[in-house]
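Residues per chain are reported as follows:
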Amino acid sequence: MTGKLSRWYARQISTHSKLVIVAVVVLTAVVAAGTTLGGAGQADIGGFAVESEETAAQDFVQQNYRPDDGVVAQLVVRNETGDVLTRDSLLAGLYLQEQVRENETLNATLDGSGFVGIENIVATAAVYEDAQRPPTGQPSLSTQIEALESRDSEEVEQLLADVLAPDSQALGQQDPYEFLPRGYQPGATTASARLTLVAQVDTSGEDENPQAAYNAQVAIDRLVQERFDDAFVFGQGIQDDASSRATGDSFAIITPFALVLIVLVLGVTYRDLLDILLAFSGIAIVLLWLAGLMGWLAIPMNVILISVPFLLIGLSIDYALHVVMRYREARNGNLGEGEGDDATPNRSIRTAMALGFGSVVLALVAATVSTAVGFLSNVVSPLPAIQDFAVLSAGGIVATFVAFGVFLPALKIEVDGVIENRLGWSRRKPAFGVDSGRANTVLKRLAGLTTRAPVAIVVVALLLASTGAYGASTIDTEFNQADFLPEDAPGWAQYLPGGLAPDTYTIAEDFDYLSNNFQLRGGGGQSQVLLRGAVTDPATLRALDDGGDGIEAGSSIQRRPDGRAAIDGPHTAIRDASADNETFARLVADNDADGDGLPDTNVSGVYSALFAADQQAAAQVLTRAENGTVTSARALLSVRSSQSAQTIAADTRAYADRIERNASGVSAVATGGTVTTAVLQDALLETLVEAFAVTLVVILVFLTALFWARYRSLSLGVVVLVPVVVSLAWLLGSMSLLGIAFNSETAVITSLAIGLGVDYSIHAGERFVAERNKRDTLDTAVRAMITGTGGTLLASAATTAAAFGVLAFALSPPLQRFGIVTGLAILFAFVAVVTMLPGLLVLRERVLAR
């Protein structure tokens with residue numbers, strides 16, 4: 001769009017304003033109708049395929065091994081300075097189980113066994129001690145309670161000594177150490193904490209959450225808090241409930257402050273309530289288009305798309321300010337029509353809009369096309385999430401131009417005309433930063449500094465960018481589940497009035513305690529190693545058993561209280577079955593030459609006997625063909641879920657590598673939910689980085705072509721984009737300094753830095769060229785650019801940074817990171833454009849002059 005074309009376009013909007021308003025409203029209604037289609041629901045990032053040996057192994061495991069049915073929650077009872085294995089404490093655990101069982105709603109969510117904990121193990125031992133026979137199954141809960149109630153404290157302690165003795169055979173396969181913390185000393189009859197598993201049924205359909213089980217976890221936790229002084233329940237339902245409440249509390253606290261800040265900043269900027277409402281009407285149109293596009297294009301919601309509405313709101317505020325402030329400049333005589341034109345302070349509404357909007361619409365088009373095309377270039381990504389992000393971002397950016405490059409100018413003409421012509425109220429308002437005031441004074445001084453010392457400003461900016469780039473090279477790129485758990489509110493939040501006071505959130509501390517002291521159950525608490533090839537070779541069995549000996553103390557792989565690595569596989573299944581089945585034990589002994597409890601010959605025969613002795617246990621660690629030949633094996637590693645997914649994956653791979661080194665002819669591949677999450681997150685991060693690099697390249701090509709077509713300059717496009725890249729370097733360096741990881745979550749947020757940075761830079765660059773053509777000196781052109789467009793950018797940056805920056809005070813860590821990174825991205829984009837860009841433009845002008 002050339003200068004003549006932009007002026008013609010602005011005149012058409014001004015002349016046919018009523019028709020434009022009607023057309024946009026009708027078009028918005030058509031697009032927004034897409035919301036009635038229901039969209040495509042939710043999409044899990046983890047569901048997107050990434051080709052790797054880890055994901056292939058996970059597919060094999062899911063198709064060939066018996067799935068872990070149901071849902072598991074974990075109940076921890078603590079007494080850091082005392083003992084949780086007393087008679088009263090154990091009975092309290094059994095009474096809790098009885099209370100849950102008596103509740104029909106809660107009982108319906110429990111699996112057959114329901115609760116399994118040390119209290120059940122001890123009570124079961126008491127039942128069979130009374131019956132004077134070996135255990136054959138778990139007795140009823142009422143029988144357990146009766147047996148434990150009949151004993152005094154000393155008798156319970158003696159029973160504990162028998163059950164917890166390292167060589168105890170009282171309970172067969174049930175290992176009581178699984179329910180005691182890592183620091184527990186085997187054989188001791190006291191412990192500072194104990195664990196109880198809550199087995200629940202999953203009655204949900206495919207791809208649905210077992211909400212009934214999750215709700216029951218929350219209800220059981222309330223009962224636990226009533227009965228114990230220090231105890232908690234941990235499970236997915238507890239996590240979801242805490243996250244939901246923390247998000248609600250965060251917005252309840254933050255929303256009033258954010259609204260006050262936004263209204264305050266916009267009030268100072270616009271000094272007119274009506275213009276603020278007009279801007280909000282444009283934002284409403286953008287969000288309607290966004291929702292409608294998701295419906296028409298059947299784009300499912302995923303975490304990557306969360307940043308899109310925030311990007312569009314930021315662009316919307318910026319676009320609205322540029323349109324309104326240029327209109328005000330034209331109306332007040334601060335903006336001429338061209339070279340040699342004397343500004344006229346008495347222009348009519350339509351004439352002022354045609355002139356003001358005509359002077360800025362080219363920059364709006366350039367910012368729209370460059371950012372839209374830049375983001376749309378990511379549609380070539382192999383990941384559907386990135387493709388959806390590209391399409392929705394581009395569509396939303398186009399919608400932003402429709403709202404503020406078509407609708408808002410026409411609407412403002414009509415509204416201002418009604419108020420002035422019919423009510424007689426003047427609609428002349430000063431443009432922010434242009435007329436006298438503190439903002440104008442600061443911007444003028446900044447302009448003077450830029451023209452006096454451009455080299456110093458550019459050098460300082462580049463040095464800071466270099467420091468940021470170095471920090472980016474050391475930034476954490478790992479993905480950690482613990483980083484998403486709500487944190488307790490700061491002390492000042494507890495003094496907020498009424499319903500604003502947040503709840504107490506200890507789930508992050510509970511998760512850390514559980515992960516570091518017990519084996520966390522569920523997908524996040526285990527990794528796996530899949531073995532194929534010579535799995536019946538005795539060397540493979542020995543490698544599985546010996547592989548745990550090389551695990552270092554700081555590894556994410558857990559250890560049991562007896563010091564052994566918490567790794568289950570064919571080797572542990574054989575030993576467990578031998579303890580229960582004398583016939584199987586004799587077969588193992590006949591083939592065990594070194595007395596370690598594992599066969600050194602006839603491994604295939606032992607595996608066949610294992611299936612006969614304990615079909616369920618064997619199917620957990622072995623697969624076999626129809627002819628009975630064992631085809632694969634797997635090891636299950638209990639891991640500390642508080643560690644990052646990448647750390648767990650690395651430790652699991654190290655264990656797999658030891659197996660391959662010690663056993664020939666077998667392949668060992670690390671896999672499992674946490675390992676594949678690490679693979680996916682690494683691939684997603686790499687794709688996002690590549691996508692943003694492509695975005696910057698596409699924008700650079702477009703800007704170079706634009707400025708060549710407009711001004712026959714090949715350097716302007718590069719100069720305009722450099723501050724965007726520099727602000728990105730500042731952002732990454734700050735994230736490293738603040739300890740914020742650069743992973744797939746925060747990488748998406750940095751798209752705001754690109755989108756808003758390009759928008760800011762194009763507006764400033766275009767304004768400079770326009771002013772340079774009209775002004776006699778370079779200094780006056782720079783001053784007009786910084787006080788005019790710079791003032792608008794200051795208002796835009798202050799508004800969006802205030803709106804999103806307050807999220808840094810949220811109770812939810814993802815919201816905190818979003819607020820911090822977004823606020824910094826906006827701040828750095830603004831600073832780079834009003835300092836480094838003018839400096840570069842001045843230096844470029846001086847070089848060309850020579």
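Please refer to the structure higher up on the page.
Since the structure is predicted, the reported quantities are computational estimates derived from the model, not experimental observations.

Cut-offs applied
Residues numbered from 1 in each chain as written. Predicted model: local features only at pLDDT ≥ 70, side-chain atom pairs only at ≥ 80, totals over all residues. Heavy atoms only, no water. Patch = residues over 30% accessible without salt bridge, like charges linked within 9 Å, V, L, I, M, F, W, Y side chains within 5 Å. Areas by Shrake-Rupley, 256 points an atom, 1.4 Å probe, with all protein chains shown as cover. Salt bridge = Lys/Arg side-chain N within 4 Å of Asp/Glu carboxyl O. Helix = DSSP H or I, 4+ residues; strand = E, 2+ residues; numbered from the N terminus. Axes fitted to C-alpha atoms, helices over the stretch in contact; angles between N-to-C directions. Parallel < 35°, antiparallel > 145°, perpendicular 65-115°, else oblique. Contact = heavy atoms within 4.5 Å. Nonpolar A, V, L, I, M, F, W, Y, C, P; charged D, E, K, R; others polar. Buried < 20%, exposed > 50% of the residue type's maximum accessible area, 1.4 Å probe, protein only. Pairing = 2+ DSSP bridges.

> A description of a nonpolar patch on the surface should follow, citing residues and the corresponding values.
Among the surface-exposed residues, Val22, Val26 and Val30 lie close enough to one another that they form a single nonpolar patch of about 250 Å² accessible area. Tracing the backbone through its elements, the reader meets Val22 in helix 2 (residues 17-32).

> Explain the packing of helix 4 (residues 87-102) against helix 6 (residues 118-131) to me, and be specific about the residues and the numbers.
At a minimum axis separation of 9 Å, helix 4 and helix 6 run at an interaxial angle of 100°. The angle between helix 4 and helix 6 falls in the class roughly perpendicular. Only Ile118, Glu119, Asn120, Val122 and Ala123 of helix 6 make contact with helix 4, whose side of the interface consists of Leu90, Gly93, Leu94 and Gln97. Tallied by class, residues from the contact of helix 4 with helix 6 come to five nonpolar, three polar and one charged.

> So what's going on with the pattern of salt bridges? Residues and values would help.
Across all of its chains, the model carries 25 salt bridges by this definition. A salt bridge links Asp510 to Arg78, with the shortest nitrogen-to-oxygen separation between them at 3.7 Å. In this pair, Asp510 sits in helix 17 (residues 507-517) while Arg78 sits in strand 1 (residues 71-78), placing the two residues 432 residues apart along the sequence. Salt-bridge contacts for Asp88 lead to Arg87; the nearest nitrogen and oxygen are separated by 3.6 Å. In the salt-bridge network here, residues are joined through shared partners; they are Asp272, Asp275, Arg328, Lys412, Asp416, Arg427 and Lys429.

> Outline the pairing of strand 9 (residues 666-671), listing residues and values.
Within strand 9, five of the six residues are buried, which leaves it mostly tucked inside the rest of the structure. Relative to strand 9, strand 5 (residues 526-533) runs antiparallel, the two sharing six bridges. Along strand 9, the bridge assignment pairs Leu531 with Ala668.

> Give me the sheet that holds strand 2 (residues 110-117): which residues, what numbers.
Spatial strand order, 2-3-1-4: four strands in an open sheet with antiparallel pairing. Lying at the two open borders of the sheet, with one neighbouring strand each, are strand 2 and strand 4 (231-234). Neighbour to neighbour, the strand axes of the sheet diverge by 15° on average, direction disregarded. Packing of helix 4 onto the sheet brings it into contact with strand 1, strand 2 and strand 3 (193-200), and relative to strand 2 it is tilted by some 170°. Contacts between helix 6 and the sheet are confined to strand 2 and strand 3, with strand 2 contributing the most and set at about 85° to the helix.

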